[in-house]
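Listed below are the residues making up each chain.
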Amino acid sequence: MATARKTTKRKPAKRKPAKTSARRAAISRTRIEPVLSCSGLVKRFGDRTAVDGVGFEIAPGQTYGLLGPNGAGKTTSVSMICGLLEPDAGEVIVAGMQVRPGATKAKASIGLVPQEIALYPDLSGKENLRFFGQLYGLAGKTLAGRIDSVLEVVGLADRASERVDKYSGGMKRRLNIAVGLLHEPKLLILDEPTVGVDPQSRNAILENVEKLTAEGMAVLYTTHYMEEAERLCDRVGIIDEGKIIAEGTRRELTAKIGQRDRIELTGNGRLDHFATQAKRLKGVHDATVGDGTVQFLVRSGREVLPRLLEVADRAKVAVTSVEVIEPDLEAVFLHLTGKGLRD
Amino acid sequence: MRAILIIAWKDLKQRLRDRSAIVAAFIAPLGIAFIVSAAFGGGFVDSFEATYAVVDQDQSVVSKAFTEQVLGGPQFEEQVTIRPMKDPVAARRLVASGDVGAAFVIPPGFAEAVTNGRAASITVLRNPEAEIASDVAVAIADGYTTQINASRLAVATTLRVQGQPLDPDRLTELANASAADRIPIELVDGEVGVREVSGVNYFGPAMAVFSLFFTTAFVARSLIAERQEGTLPRVLAAPVPRSSVVLGKASSAFVLGLVSFTVMFLIFGLLLDVSWGDPLALVVLTVATVLAVMGLMTVAQTGARTIEGADAVAQVMTVTLALLGGSFFPIFQMPEIMQRLSYLTPNGWALRGYTDIAYDGATLGDLGPHLAAITAFAVVTGGLGIWRSRKIA
């Protein structure tokens, strides 16, 4: 029940734009060489297996979300994918090259935005960018141009000469992302990039990610915020205790657990009569009348809603508000693991 | 190589913005060297002066020659003051009270024993609290008795070879000639610690090496700081060889160490007109020393998991090596055991090298043992540090 209440606060307007859905469809129709392909990744620390057989692919322009609670194995998986950790088993291929700790060529195709703010506080924003840009082989006018460009993207152009220790938390987060974008990587890895960020900066970060994928960059996004995964990701891998326990689009995942949409309708009039009439509609499974509201359990909210409103009109019920609540990934995770994402 | 330079430059920039690093690398060594040098005055040899009591119970020509020509001779004019006494007990009391560095007692019959070929000796009453003055007194007495014995042997040998008695005039002439052919008696270098070393010449490099421990530790600890602050994984995720991180940081420590030494050499050279000796030998010795200290600190830092742990190890290592290696006290004035232990430290070898260059005019060719020992420290500790840095992520 608590899960459902959280979901009702979500605004339908923040759903993925239609343009992205079309691109996603195009990707699924034609087989495009994935930017990232990892399979059978295993990492053990002593007796503990942190990652156990993780594998997935990300195509250009696609955002893959690795969703799981803290300690699920997300960061360890990311560390192997970007060549920081040597896997005990499995392999990682990025842009056609195998990634290992010593594989410098493959690493050049990856942009990493670590979970922690990985910046030098005693250097300015620009100096940080220059240092990391140089490590990725950028120099001269190309480097200067890229620095200006990413500063513009993250909205820090006017503060670039200030030392990072003078930045707010949100500004540091944005600069942290800018470093990852500097060398125009084919694969951008964002490891929990919005942890501890104010809502304004968080929204700016999510908008940036959407822009980048629209431009064709492949993004691996790890998070334990279900809302972010739902907003950004074309596909989601749900990870728990080192294993991917379910994978697919949001629809595919919610369909797996057989959940239905809920419609919460508030109005005045003969609500009992309206509920009885509505139950006869195809696709409506249940209706519960509360204090001035009726809650319907339906197969698909979008399909049922127009007909439901017609019935309300005939039953002389004056509808004041309607909310369609789709099943979410939190519910999927709860169903699969028996625990919440923030447990 | 490019990555090493990029990392080194970034680290240098960070260090130069940190005031504590500037203090550790430049201001502290200069300041301490100035203070310690001032405490030692112009040097170590100028401070040697001794007052000796002399009890001449023989009052012969031979005994007076010891007091007037040996102790009162021009070679000891500036260092030795004679206090003639009649009573050996009073002389012993003066020695015990520390009023004199030592006392010479020439017993009655000294000259007669010399003339008749019997054993002749001068007693030296030592003051245990004036070790150097006592040692010098013993050396002077030894030198004089050796001289007498040599003269006597020369005369006796001549008589035996001649096979017949000489006339008295010829015998006197022979004895005088033998006595004139003196075995030199002078202050000697080495064990008694009277080598002429100026304070700045010793403590300049001593403090520069001492501060080098802090300078290199400062840079090396940044490896742990980067790991804790999360920048290290980001650097290691970049397309650069893993070893370039450690080598880049080591390079910045190397540059900072060299600049610290150069500033010290220049400032003392220009302001105090200190002569450091052969420049080539100086440069090579300094490079080797910086590398060795860097190696030691890398071992300390790569073995630690936290900055606090690394600092604790580095501090213990620094103080121990500084004490053993002569950073606080001149090596040649330390007890024998400490002098031997100083061979186990790179700074001990380095300070021997710097004093050899400055005072003995040693050149690069003379520094073979010093450079071999210091380089061995650098190779072993640096190699160990780089090997351990493989697991820095």
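### Some words on the overall build of chain A
Piece 1. Each helix and strand in chain A was counted, giving 13 helices and 14 strands.
Piece 2. Taking all 343 residues of chain A together, the buried fraction comes to 44%.
Piece 3. Pairs at least 24 residues apart make up 69% of the contacts formed inside chain A by residues separated by at least 6 positions.

### Let's talk about the overall build of chain B
Piece 1. Looking only at helices and strands, chain B features 15 helices and 4 strands.
Piece 2. A burial count over chain B gives 40% of its 393 residues as buried.
Piece 3. Nonlocal contacts in chain B, meaning residues at least 24 apart in sequence, comprise 78% of its contacts between residues at least 6 apart.

### Focus: the interface of chain A and chain B
Where interface size is quoted, it is often the accessible area lost as the parts come together.
Piece 1. In this complex, chain A contributes 25 residues to the contact, which on the side of chain B involves 18 residues.
Piece 2. Counting only elements with at least two residues in the side of chain A that touches chain B, the list comes to α4 (104-107), β6 (110-113) and α5 (125-135) of chain A.
Piece 3. Sort the elements by how many residues they give to the side of chain A that touches chain B and α5 of chain A lands first, with 4 residues.
Piece 4. Here the side of chain A that touches chain B is built from residues that sort into 16 nonpolar, 5 polar and 4 charged.

### Re the environment of F296 of chain A
Residues and elements named next belong to chain A.
Piece 1. Mapped onto the elements of the fold, F296 is located in strand β13 (residues 293-298).
Piece 2. With 12 residues separating them in the primary sequence, F296 and V284 have C-alpha atoms 6.9 Å apart.
Piece 3. In this view, F296 contacts R262, I263, A278, V284, A287 and L308; residues no more than four positions away in its chain are not counted.

### A look at the sheet that holds strand β3 (residues 102-106) of chain B
Residues and elements named next belong to chain B.
Piece 1. The strand order across the open sheet formed by 4 strands is β2-β1-β3-β4, and the pairing between neighbours is mixed. Taken across any chain shown, the strands that pair with only one partner, and hence form the sheet edges, are β2 (80-85) and β4 (123-126). If you compare each strand with its neighbour and ignore which way they point, the axes differ by 25 degrees on average.
Piece 2. Where strand β1 (residues 50-56) meets β2, 6 bridges bridge the pair, whose relative direction is parallel. Note on β2: the bridge partner recorded for V54 is P84.

### Focus on the nonpolar core
Soluble globular proteins tend to pack their nonpolar side chains together in the buried interior.
Piece 1. Of all hydrophobic cores here, the largest spans 144 residues; its most connected members are I81, A178, L187, I189 and L220 of chain A.
Piece 2. At 15 residues, helix α8 (residues 199-229) of chain B tops the list of elements feeding residues into this core.
Piece 3. Discounting chain neighbours no more than four positions away, the residues touching L187 of chain A are V35, L36, I58, V94, S109, I110, A218 and L220 of chain A.

### A closer look at unusual backbone geometry
Residues and elements named next belong to chain A.
Piece 1. Unlike most non-glycine residues, E184 shows phi in positive territory, near 50 degrees.
Piece 2. Turning to its location among the elements, E184 is positioned in the loop between α7 (169-181) and β7 (187-191).
Piece 3. Overall, the presence of 16 C-beta atoms within 10 Å leaves E184 in the partly exposed class.
Piece 4. Phi is positive for E241, which is not a glycine, with a value near 50 degrees.
Piece 5. Its 15 C-beta neighbours within 10 Å are what place E241 among the partly exposed residues.

### Brief notes about the environment of G65 of chain A
Residue and element names in this part refer to chain A.
Piece 1. Within the secondary structure, G65 is located in strand β3 (residues 63-67).
Piece 2. Separated by 157 residues in sequence, G65 and T222 have C-alpha atoms that sit 5.6 Å apart.
Piece 3. Here G65 is in contact with Y221, T223, A229, L232, C233 and V236, once residues within four sequence places are set aside.

### Some thoughts on the pairing of β1 of chain B
Piece 1. Both β1 of chain B and β3 of chain B contribute to a ladder of 5 bridges, which runs parallel. Within the sheet, the bridge partner assigned to A53 of chain B lies in β3 of chain B and is A103 of chain B.

### Let's talk about helix α15 (residues 368-388) of chain B
Think of an α-helix as turning once every 3.6 residues; residues three or four places apart then point the same way.
Residue and element names in this part refer to chain B.
Piece 1. For α15, which comprises 21 residues, the first-to-last C-alpha distance of 30 Å matches the rise-based estimate of 30 Å (1.5 Å per residue) to within 8%.
Piece 2. Among the residues making up α15, those that are buried are H370, L371, A373, I374, F377, A378, T381, G382 and G385. The arc enclosing the buried residues of α15, seen along the axis, measures out at 165 degrees, which places them on a common side. In this structure, α15 carries G368, P369, A372 and W387 as exposed residues pointing more than 90 degrees from its buried face.

### Some thoughts on the packing of helix α11 (residues 271-279) of chain A against helix α12 (residues 301-314) of chain A
All names here are of chain A.
Piece 1. Where α11 meets α12, the closest approach of the two axes is 9 Å, and the angle between their N-to-C directions is 140 degrees. Judged by the angle between their axes, α11 and α12 are oblique. The two elements α11 and α12 meet at a crossing, and its hand is right-handed. From α11, F274, Q277 and A278 reach across to α12, where they touch L308, V311 and A312.
Piece 2. The residue inventory of the contact of α11 with α12, partitioned by class, reads 5 nonpolar, 1 polar and no charged.

### Things to note about the sheet that holds strand β11 (residues 261-268) of chain A
All names here are of chain A.
Piece 1. Taking strand neighbours across the sheet as the criterion, the 4 strands line up as β12-β13-β11-β14 in an open arrangement whose pairing is antiparallel. What marks the edges here is a single partner per strand, and that holds for β12 (284-289) and β14 (318-325). Within the sheet, the average angular offset between the axes of one strand and its neighbour, ignoring direction, is 20 degrees.
Piece 2. Here β12 pairs with β13 via 5 bridges, running antiparallel. When the bridges of β13 are listed, V284 appears paired with V298.
Piece 3. The sheet strands contacting α11 are β11, β12 and β13, and the helix crosses β12 at an angle near 170 degrees.
Piece 4. Running at roughly 20 degrees to β11, α12 makes contact with β11, β12, β13 and β14 of the sheet.

### A short note on the pairing of β3 of chain A
All names here are of chain A.
Piece 1. Among the 5 residues that make up β3, 5 are buried, leaving the element largely enclosed by the rest of the structure.
Piece 2. Side chains T63, G65 and L67 project from β3 onto one buried face, and the interleaved Y64 and L66 project onto a second face that is buried too.
Piece 3. By the bridge criterion, 5 bridges tie β3 to strand β8 (residues 218-223) in an arrangement that is parallel. Across the sheet, the residue bridging to L66 is T222, located in β8.
Piece 4. Pairing analysis gives 4 bridges linking β3 to strand β9 (residues 235-240), with the strands arranged parallel. Within β9, the position partnered with L66 by the bridge is G237.

### Topic: the confidence of the model for chain B
Residues and elements named next belong to chain B.
Piece 1. Across chain B, the average pLDDT comes to 78, with 80% of residues at 70 or higher.
Piece 2. pLDDT under 50 marks residues 181-196. Its contacts with residues more than four places away, or in other chains, come to 30 contacts.
Piece 3. In the model output, the complex is listed with pTM 0.66 alongside ipTM 0.74.

### Observations regarding helix α1 (residues 2-16) of chain B
Piece 1. The end-to-end C-alpha distance of α1 of chain B is 21 Å, a good match for the 21 Å that 15 residues give at a rise of 1.5 Å each.
Piece 2. Those residues of α1 of chain B that sit buried are A3, I4, I6, I7, A8, K10, D11 and R15 of chain B.

### Digging into the environment of D278 of chain B
All names here are of chain B.
Piece 1. Its place among the elements puts D278 in the loop between α10 (243-271) and α11 (279-302).
Piece 2. The partly exposed category is assigned to D278, around which 19 C-beta atoms lie within 10 Å.
Piece 3. When neighbours within four sequence positions are excluded, D278 is seen to be in contact with I357, T363 and L364.

The rules we used
- Just so you know, the residues in each chain are numbered from 1, in the order the chain's sequence is written.
- Lettering of chains starts at A and numbering of ligands starts at 1, both following the order in which they are written.
- Under the rules for a predicted model, residues below a pLDDT of 70 receive no local features and side-chain atom pairs below 80 are neither given nor counted, while totals for whole chains, interfaces and linings still include all residues.
- Working definition: helices are DSSP H or I runs of at least four residues, strands are E runs of at least two. Numbering for both runs from the N terminus.
- Backbone-placed C-beta atoms define the burial measure: a residue is buried with 20 or more other C-beta atoms within 10 Å of its own, exposed with 12 or fewer, and partly exposed in between.
- C-beta atoms are first placed from the backbone for all residues, and any pair lying within 7 Å is then listed as a contact.
- Classification used: nonpolar for Ala, Val, Leu, Ile, Met, Phe, Trp, Tyr, Cys and Pro, charged for Asp, Glu, Lys and Arg, polar for all others including Gly.
- The criterion for strand pairing is that DSSP finds at least two bridges linking the strands in question.
- Fitted lines through C-alpha atoms serve as axes, helices being fitted only where they are in contact, and the angles separating the N-to-C directions of these axes extend from 0 to 180 degrees.
- A set of buried residues drawn from Ala, Val, Leu, Ile, Met, Phe, Trp, Tyr and Cys, joined through C-beta atoms within 7 Å, is what defines a nonpolar core.
- For a helix, the expected span equals 1.5 Å multiplied by the residue count minus one.
- Here, the arc refers to the directions that run from the helix axis to the C-beta atoms.
- Any angle that falls under 35 degrees is termed roughly parallel, while one over 145 is termed roughly antiparallel, one within 65 to 115 roughly perpendicular, and all others oblique.
- With the far helix as reference, a near helix turned anticlockwise by less than a right angle produces a left-handed crossing, and one turned clockwise produces a right-handed crossing.
- One number per residue, pLDDT, summarises how confident the predictor is, and it ranges from 0 to 100.

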